[in-house]
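Here are the chains, one letter per residue:
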Amino acid sequence: MKLGLAQHRIEPGTVGANVERAEAMLREAADSGVDLVALPELFATGYFAFDAYARTAEPLDGETLTGLRETAREHGVALLAGSIVEDLSASAQRGFETPAAEGYANTAVLFDSDGERRSVYRKHHLFGYGSAEQELLKPGQRLQIAEIGDFTVGVTTCYDLRFPELYRELVDSGVSLVLVPSAWPYPRVEHWKLLPRARAVENLTYVAAVNGVGTFEESTLLGRSTVYDPWGTTLASTGEDPTLVTAELDADRVDDVRDSFPALADRRARCSDKVEG
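Summary of the structure given here.

Rules used throughout
Residues numbered from 1 in each chain as written. Predicted model: local features only at pLDDT ≥ 70, side-chain atom pairs only at ≥ 80, totals over all residues. Heavy atoms only, no water. Helix = DSSP H or I, 4+ residues; strand = E, 2+ residues; numbered from the N terminus. Expected span 1.5 Å × (residues − 1). Contact = heavy atoms within 4.5 Å. Pairing = 2+ DSSP bridges. Axes fitted to C-alpha atoms, helices over the stretch in contact; angles between N-to-C directions. Salt bridge = Lys/Arg side-chain N within 4 Å of Asp/Glu carboxyl O. Buried < 20%, exposed > 50% of the residue type's maximum accessible area, 1.4 Å probe, protein only. Phe/Tyr/Trp six-rings, centres within 6.5 Å; stacked < 30°, edge-to-face > 60°. Parallel < 35°, antiparallel > 145°, perpendicular 65-115°, else oblique. Left-handed = near helix turned anticlockwise from the far one by under 90°.

**A few points about helix α7 (residues 189–203)**
In this model α7 runs 22 Å from its N-terminal to its C-terminal C-alpha over 15 residues, within 8% of the 21 Å that 1.5 Å per residue would give. For α7, the elements touching its buried residues are α6 (164–172), β9 (206–210), β11 (220–222), β12 (226–228) and α8 (251–260). Of the residues trailing α7, Leu204 is marked for its positive phi of about 50°.

See below:
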């Protein structure tokens, strides 16, 4: 599988221009033979544009996701629509299962190359450090996986990288590739370089972290989208400019690494519910 990470520029609250950039990278990816392309977290609204969340929120079958799904289908490319601000009330009214009857969520949707919706992931861990995300959004409650080509694909979002137990759940479900749409800002460069790689190493799986670029009032996204293989080796990476990052992934590589270094088989159940002093 050829994977593409669409690291595009995101302007605060400017949905039309941001979606145009995403679509342009999607077409570029298709022209370069990419099989699966991933967009960043809140690629249309901009993560730090908190005042624009309510104004730009859409249901799962809203204009943004529908248009991108059709573009991907026309080009025969699978797509992770990084995430949008989802209007949960509107989604529920259209028959979608939601974690709350109203409010908003940070929601990523995975489509296959036929345009079929294969999984929906609502960010579980909402950021609270100098962020309004916890105040504005509802956390997700479910993990879904999907088969895309030869890979079993899972999705987490940005801050989720700091919670390794989530990735253990995915690997226990058979995941061989985790896509991580993000809006990771300066100054936490070293954390961005460490955490996706750590999740790849400890779970012996591919991890692909796609970030945006752009400046908000008090934050600047640091880019540096990267693909790691199951050994933690960097397959492809970039700097802080808009670009399409591509890498060739081999599903057999996951089995080979897990067979040659079977650390997952050495896990032990907890001996007790409490730590004794």
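**Details of the sheet that holds β9**
Read across the open sheet, the six strands follow the order β6-β7-β8-β9-β12-β13; overall the sheet is mixed. One side of each edge strand has no neighbouring strand; the edge strands of this open sheet are β6 (146–148) and β13 (234–237). On average, each strand axis in the sheet is tilted by 25° relative to the strand beside it, whichever way the strands run. Most of the contacts of α7 go to β9, to which it runs at about 155°, and overall it touches β9 and β12.

**Focus: the pattern of salt bridges**
Applying the stated rule across the entire model yields 14 salt bridges. Between Asp112 and Arg118 there is a salt bridge, and its shortest N-O distance comes to 3.7 Å. A relative accessible area of 13% means that Asp112 is categorised as buried. What makes Arg118 partly exposed here is its relative accessible area of 33%. Taken together, the shared-partner salt bridges in this structure form one network comprising Glu41, Lys123 and Glu133.

**Notes on the sheet that holds strand β1 (residues 2–7)**
Overall, mixed pairing links the six strands, which are arranged β5-β4-β3-β2-β1-β14 in an open sheet. The open sheet has two free edges, formed respectively by β5 (117–122) and β14 (243–248), since each of these has just one partner strand. Within this sheet the neighbouring strands show an average axis-to-axis angle of 25°, counted without direction. Pairing analysis gives three bridges linking β1 to strand β2 (residues 36–38), with the strands arranged parallel. Paired with Gly4 across the strands is Val37, a residue of β2. Along the sheet, helix α3 (residues 63–75) makes contact with β3 (78–87), β4 (104–111) and β5, crossing β3 at roughly 175°.

**Looking at the packing of aromatic side chains**
The way to describe two aromatic rings as a pair is by their centre distance and the angle between their planes. Across all of its chains, the model carries 11 aromatic pairs by this definition. When the centroid spacing of 6.1 Å and the interplanar angle of 75° are considered together, the rings of Phe48 and Phe50 count as edge-to-face. Given a relative accessible area of 18%, Phe50 falls into the buried group.

**Description of the packing of α6 against α7**
Packing of α6 against α7 leaves a shortest axis separation of 10 Å and a crossing angle of 40°. The orientation of α6 relative to α7 falls into the category oblique. When the axes of α6 and α7 are compared, the crossing they make is right-handed. Residue-level contacts link Pro164, Tyr167, Arg168 and Val171 of α6 to Arg199, Glu202 and Asn203 of α7.

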